[in-house]
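What follows is each chain in one-letter form.
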Amino acid sequence: MAHAATLEIKNLNKQYQVGDKSLPVLEDISLSIKPGEFVSIVGSSGCGKSTLLKLLIGLEDQYQGDILLDGKRIVGTSLERGIVFQEHRLFPWLTVEQNISIGLLNNTELSAEEKTNSIQEHIELVGLKDFANAYPYQLSGGMSQRVAIARALVNRPEVLLLDEPFGALDAFTRAYLQQELQRIWEKEGITMILVTHDVEEAVYLGDRVVVMQPRPGRIKRVIDVNLPRERTRSSAKFTAIKEEVLREFADTPDTVEELTTQTTVNEAPKNSFLTADALCY
Amino acid sequence: MSLNLKNLRGAVLPLALLLVWYAVTALGLVNTKLIVPPEKVLQVAYKFVMRGNFLESIEASLFRDLSGFLLGSVAGVLLGVLMGLSRWTERFVGPSFNTLKQISLFAWLPLISTWLGTGDAAKILFVALSAFYPVALNTFEGVRGVSKAQLEVARVYAFTYKQLITKLILPSASPQILTGLHLGLIYAWMATIGAEFLLISSGSGLGDTVIKGRAAFNIELIVFGMLTIGLIGAIFNHIATRIERRLLVWRGA
Ligand SMILES: Nc1ncnc2c1ncn2[C@@H]1O[C@H](COP(=O)(O)OP(=O)(O)O)[C@@H](O)[C@H]1O
Ligand SMILES: [Mg+2]
């Protein structure tokens, strides 16, 4: 793996079935992402950002259109695509080291020794050497999220998807981890797609910022961020781009009631997940 | 475990009761035929332990208890996991399971003794049955409780079905499985004694000993048997608690 991939999304449409109604969630999404590019996606809650990442990672496979990785249609999940969710989703019964090793469980390219080395490397990459044997309950939110990042990176995926990974963290930790993520991105040279509702974060990290609008989720505008790294958040140019992104939000009709009803829909399918067919096994 | 004040606090009540027991019998406040003095119980205990058939009866009870527990809990974990994993099993087995659950455990005894008589096989089956319910029920709930978010993680890392069970579902359900096993262990012990009371056979066992004591109006023996039964139950409980705590360190309780 190790090299970065071109990711092409062509005329992607996605609906969710709610009762007997088909709810359009994504409409005609087209986006071409260069190898090693960092793309930020911003949009209000409910506009389909998580759904888009679920399609890209392969957890959802009902859609129209094409998702091509280096020209090949993606099928299901694959170790060449990694993901970090908003919640760390670590296994609480495993230590930091064991959690990261979950990433390599089905990696057939590395020998046992290479795996051990890679795990150590990634523990160091995210700065958790002293916590290798700690359990998740002993970690702060920021540390847990770093473990989740290491778990996603340990396979050296071509693409890393991040779904509001720092959304639940305090401002200091968030700023620190944004910097860390940038360092890791530069070091690994892989393609990254970051979903966030934090416009500053999007501009700070992205080569491009994709602005989405809701109901159904569409791409409203793609804004280039032609600023050298490491970026200064207070610089005039940075602020100007941030303003430009924020202006896109200002004229998006987006009422509060609509958002509340969407959340209830989101919670509807509970408990029905453990069937063998839902697991796709 | 260190012997600190907290551990000693638990000993206060039994010691006080022992003292009261001793006092009322020594002062002749009660009929000592019905409430025997503690020193007589000690004498009987000494005689019994020395004769060797007391240890034998403990051994016989423990054998029934542990074999029944083993059978019942293995079956319970298996059925619990199966029901938790598959809609199909739950739909077909679930209702029968819930109906059977309503039958008091002791109501099984007539049927079991008709099939298997009153020997060890019948007793072990009864013990197994009593351990089975809490284990199956808790395992089922534990498996059902596996979070959707973690199942997605398993899919992202391409878990095989076997990995899904051994690396996610079982560990995730382990707190509830252990709760089930703990309950099962206690139920099994109660069932062992109950079976020995009710399925009277020529075999030995703690329950049999107590029943024989009743027949001979030997209250010392009854009291001694009761104390032993309680003590063994308490030891089981203690061991189970420690194992649970050890295995669940990751919860950071
Ligand atoms: N499994 C599902 N079934 C039905 N509707 C869903 C499901 N998941 C998400 N949705 C709906 O799709 C829309 C987009 O959700 P999501 O992708 O989570 O948005 P975002 O991540 O941008 O907040 C919302 O209206 C949500 O209610
Ligand atoms: Mg989301």
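Residues numbered from 1 in each chain as written. Chains lettered and ligands numbered in written order. Predicted model: local features only at pLDDT ≥ 70, side-chain atom pairs only at ≥ 80, totals over all residues. Heavy atoms only, no water.

Student: What is the right way to look at unusual backbone geometry in this model?
Tutor: A negative phi holds for most residues other than glycine; trans holds for most peptide bonds. All names here are of chain A. That bond from Arg 215 to Pro 216 is cis: its omega, -15°, falls within 30 degrees of zero. At the junction of Arg 229 and Glu 230, the peptide bond is cis and its omega measures out at 0° in the coordinates. Along the chain, Glu 230 falls in the loop between strand E10 (218-224) and helix H7 (236-250). Here Arg 89, not a glycine, exhibits a phi torsion of approximately 55°, which is positive. (Helix = DSSP H or I, 4+ residues; strand = E, 2+ residues; numbered from the N terminus.)

Student: In this structure, what is going on with the sheet that holds strand E2 (residues 21-33) of chain A? I would like to understand it.
Tutor: Paired through backbone hydrogen bonds, the strands of a sheet run either parallel or antiparallel to each other. All names here are of chain A. Spatial ordering of the open sheet is given by E2-E1-E4-E5, a layout of four strands whose pairing is antiparallel. Every other strand in the sheet has two partners, leaving E2 and strand E5 (72-73) as the edge strands with one partner each. Sheet strands in contact with helix H1 (residues 49-57) are strand E1 (7-18), E2 and strand E4 (64-69), and its direction is about 115° off that of E1. (Pairing = 2+ DSSP bridges. Contact = heavy atoms within 4.5 Å. Axes fitted to C-alpha atoms, helices over the stretch in contact; angles between N-to-C directions.)

Student: Hey, could you run me through the side chain of Glu 164 of chain A in this one?
Tutor: Residue and element names in this part refer to chain A. Summarising the element assignment, Glu 164 is placed in the loop between strand E7 (159-163) and helix H5 (171-188). For the buried Glu 164, no salt bridge exists, and the shortest N-O distance to an oppositely charged side chain is 4.0 Å, to Lys 49. Of the polar contacts made by the side chain of Glu 164, one reaches the side chain of His 197; its length is 3.1 Å. Excluding anything up to four places from it in sequence, Glu 164 contacts Lys 49, Gln 86, Val 195, Thr 196 and His 197. (Buried < 20%, exposed > 50% of the residue type's maximum accessible area, 1.4 Å probe, protein only. Lys, Arg positive; Asp, Glu negative; His and termini not counted. Salt bridge = Lys/Arg side-chain N within 4 Å of Asp/Glu carboxyl O. Polar contact = N/O pair within 3.5 Å; in protein donor to acceptor, adjacent residues only side chain to side chain.)

Student: Even after reading the chapter, I still don't get the confidence of the model for chain A, so can you show me in this structure?
Tutor: Detailed conclusions should not be drawn from predicted coordinates in areas where pLDDT is low. When pLDDT is averaged along chain A, the result is 85; 88% of the residues meet or exceed 70. Scored below 50 in pLDDT, residues 255-281 of chain A shows 40 contacts in the model against residues more than four places distant or in partner chains. (pLDDT = per-residue confidence, 0-100.)

Student: I keep staring at the interface of chain A and chain B and nothing clicks. Help me out?
Tutor: When the parts come together, some accessible area is lost, and that loss is often what is quoted as the size of the interface. Between chain A and chain B, the residue contacts involve 34 residues of the former and 31 residues of the latter. Between Arg 89 of chain A and Glu 152 of chain B there is a salt bridge, with its nearest N and O atoms 2.7 Å apart. At the surface where chain A touches chain B, the tally comes to nine residue pairs in polar contact (both at pLDDT 80 or more). When residues of the side of chain A that touches chain B are traced back to their parent elements, those giving at least two are H1 and helix H4 (141-153) of chain A. A per-class count over the side of chain A that touches chain B returns 21 nonpolar, nine polar and four charged. (Nonpolar A, V, L, I, M, F, W, Y, C, P; charged D, E, K, R; others polar.)

Student: Can you help me understand the packing of helix H7 (residues 148-156) of chain B against helix H8 (residues 161-198) of chain B in this one?
Tutor: Residues and elements named next belong to chain B. Relative orientation of the contacting elements H7 and H8 amounts to 165°, with a least axis distance of 11 Å. Between H7 and H8, the crossing angle belongs to the class labelled roughly antiparallel. Considering how the two elements wind past one another, H7 and H8 form a crossing that is right-handed. Seen from H7, the contacting residues are Gln 150, Leu 151 and Ala 154; seen from H8, they are Leu 164, Leu 168 and Ser 172. Here the residues of the contact of H7 with H8 are counted per class, giving four nonpolar, two polar and no charged. (Parallel < 35°, antiparallel > 145°, perpendicular 65-115°, else oblique. Left-handed = near helix turned anticlockwise from the far one by under 90°.)

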